[in-house]
Amino acid sequence: MASLTTPSATLERTAPAERRWLVLVVAAVAQLMLVLDGTIVNIALPSAQQALGFSNNDRQWVVTAYALSFGSLLLVGGRLRDIFSRTWVFITSLIGFAIASAIGGAAGSFAVLVTARALQGAFGAVLAPSALGTLVSTFTDPRERGRAFGVFGSVAAGGSAVGLILGGALTEYLSWRWCLYVNLVFAAIAVAGALAYFRGGRPASRPRMDWIGAALACAWPFAIVFGFSYALTAGWTDALTLGSLVGGVVLLAGFVVAERRVRHPLLPLRVIVDRARGGAYVAVGISGIAIFGTFLFLSFYLQVVKGNSPLTTGLLFLPMTGSILISSNLSSSIGLGPRALIAAGMLLCAGGMALLTQVTVTSSYVSGVLPALLILGLGLGQIFAQAINSATAGVAREDSGVASALVNTMQQVGGSIGTSALSTIALSATATYLIGHDTGPQAQAIAATYGYATAFAVSAGLLVLGCILAIVLLPSRRRLADIGEAGGETPAAPGPPSELAPPATASAQQQVSEAIPVALCSCSPVITSASIGSGHAAKPRFTSA
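First, a word on scope: everything that follows refers to the structure included in this document.

**What to know about the packing of aromatic side chains**
Using the criterion set out here, one finds twelve aromatic pairs in the structure. Judged by centre distance (6.0 Å) and plane angle (50 degrees), the ring pair of Trp 61 and Phe 222 falls under tilted. One end of the pair, Trp 61, is in helix α3 (residues 60-83); the other, Phe 222, is in helix α8 (residues 211-234), with 161 residues separating them in the sequence. For Phe 222, a relative accessible area of 45% translates into the label partly exposed. For the ring pair Phe 228 and Trp 236, a centre distance of 6.0 Å and an interplane angle of 75 degrees mean the geometry is edge-to-face. Overall, Trp 236 belongs to the partly exposed group, its relative accessible area being 42%. A network of ring pairs unites the aromatic residues Trp 61, Phe 222, Phe 226 and Tyr 230 as a single cluster. Lying across the ring of Phe 300, Arg 59 places its NZ or CZ 4.0 Å from the centre.

Here's what the structure looks like:
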């Protein structure tokens, strides 16, 4: 977590302007590939299930395998970027992601597909910090860096929408397999660009890897996800179900104990014990459940129940994406603090979920689905933008990278756990509905819709709980400003893992404005205002996730 000044930074600072912008293009292509993969597979999943013949019980693993490995390994990926050559970490992770995509595209069985998705997530967790870390060291002029991050953030924001359209088009006109094969094209372009334009060797000072923390960080969410999934077939009282769920909690406790005692923790606990930051992470985790579940269940509802094509389904999701972008941009200009905005965002999302509980087999998109998507987008946009505000407020400079990375980690891990739990709930409700009913196609569609509505109802309840927690835990606007002022008076100093670290040198509001594109895009190093606020080219300082 220590700040680093690398010899390669001087080389990249004096690089020609045209090469700097070409570096941005290469990093943006890599980031686009990662963002696309978050939505493109959801559109292709119904077709993949039909082709490979896996059950409804298993389909959620295609989504959760990627999210679990990406979310739980993101901090590890940031650390690897600081240990080895940044250029070759970037290239190696690109090649690994491409190979995993090729394996998934050629998968002849469910097991191969899920394994490939897990490998994609693992290599993506290494690639994301490397891509943004390259921009950090390449752009040192404040105005150029602002423009570069604007482009990078726009690629990440628009990538999900592109993924919806591209996934639908590839699935409809070629095959669902091309939703994975297309990554080879992006990876080839990025690898060629990295070989041509990237510079930089190993850092002069390399941190140590917390292997125990890394293993436990991967093990506890997997155990919980497996327990929720296994409950569908074996029941909630089965020994393996209970053992997995309890084991996940025990592993989580072991992770906390390990991070308190290890000398170089993967996650310094001082980052999360602050009430405001903890509340922000809870808000992101709950909203992750909402957005993951919405995409998964609505994809099947719109394609399988309503009979829309994959391309049409992708287009039907676009209003939600646009609503998120509008809301996240407007929320920063509203004179309210994170407590009010996140609580309001949670209520909006709960209202959107409540509307989705009313969908039936005969519901129209315009009256039954579109209003819910627009409301969900408005709520999620408020939550995302303001959660980053709170998650990075008052954090010590050496911890700013990990604080920002946890936003994405909580979204991915929370979403994967929520998807497994909600899938179990939805399929259980579907099976219960079919008891005593005929098993014809119409009854199957009605039962599936009933299961989705049940999952939406549970999500609405969780979002109401999130609203209450936001009110209790998150700071007001005035309190957040006080945290920022305190951060400007107290220098960061090292301390034992169990102690709360002093606030950062930069104010919360300044730090947030620089952290937003980082945390939303890939949650890797955060640029503090100390390194970009001056008019001259200061030596870059990196805070690694």
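**Things to note about a nonpolar patch on the surface**
Together, Ile 95, Ile 99, Ile 103, Val 112 and Leu 119 make up an exposed nonpolar region whose accessible area comes to about 380 Å². Residue assignment for the nonpolar patch shows that the elements contributing at least two residues are α4 (86-105) and α5 (110-138). Ranked by residues supplied to the nonpolar patch, first place goes to α4 with three residues. With respect to the helices and strands, Ile 103 occurs in helix α4.

**Quick notes on the side chain of Ser 72**
Note that Ser 72 resides in helix α3. For Ser 72, a relative accessible area of 8% gives the class buried. Among the polar contacts made by the side chain of Ser 72, one reaches the main-chain carbonyl oxygen of Leu 68 at a distance of 2.6 Å. Non-local contacts of Ser 72, meaning those with residues more than four positions away in its chain, are made with Ala 217, Cys 218, Pro 221 and Val 413.

**A closer look at the nonpolar core**
Phe 90 and Leu 94 are the most contacted members of the largest nonpolar core, which totals 133 residues. Here this core takes 17 residues from helix α10 (residues 275-305), the largest share from any one element. Excluding residues that lie within four positions of it along the chain, Leu 94 makes contacts with Ala 30, Met 33, Leu 127, Ala 187, Ala 190 and Val 191.

**Structural notes on the packing of α10 against helix α11 (residues 310-331)**
Interhelical geometry of α10 versus α11 gives an angle of 150 degrees and a closest axis separation of 10 Å. With respect to α11, the element α10 is oriented roughly antiparallel. Here α10 and α11 pass one another in a crossing that is right-handed. Of the residues in α11, those touching α10 at Ile 291, Thr 294, Phe 295, Leu 298, Ser 299, Leu 302 and Gln 303 are Pro 310, Thr 313, Leu 316, Phe 317, Met 320 and Ile 324.

What counts, and where the lines are drawn
Residues numbered from 1 in each chain as written. Predicted model: local features only at pLDDT ≥ 70, side-chain atom pairs only at ≥ 80, totals over all residues. Heavy atoms only, no water. Phe/Tyr/Trp six-rings, centres within 6.5 Å; stacked < 30°, edge-to-face > 60°. Helix = DSSP H or I, 4+ residues; strand = E, 2+ residues; numbered from the N terminus. Buried < 20%, exposed > 50% of the residue type's maximum accessible area, 1.4 Å probe, protein only. Lys NZ or Arg CZ within 6 Å of the ring centre and 35° of its normal. Patch = residues over 30% accessible without salt bridge, like charges linked within 9 Å, V, L, I, M, F, W, Y side chains within 5 Å. Areas by Shrake-Rupley, 256 points an atom, 1.4 Å probe, with all protein chains shown as cover. Salt bridge = Lys/Arg side-chain N within 4 Å of Asp/Glu carboxyl O. Polar contact = N/O pair within 3.5 Å; in protein donor to acceptor, adjacent residues only side chain to side chain. Contact = heavy atoms within 4.5 Å. Core = buried A, V, L, I, M, F, W, Y, C linked by side-chain atoms within 4.5 Å. Axes fitted to C-alpha atoms, helices over the stretch in contact; angles between N-to-C directions. Parallel < 35°, antiparallel > 145°, perpendicular 65-115°, else oblique. Left-handed = near helix turned anticlockwise from the far one by under 90°.

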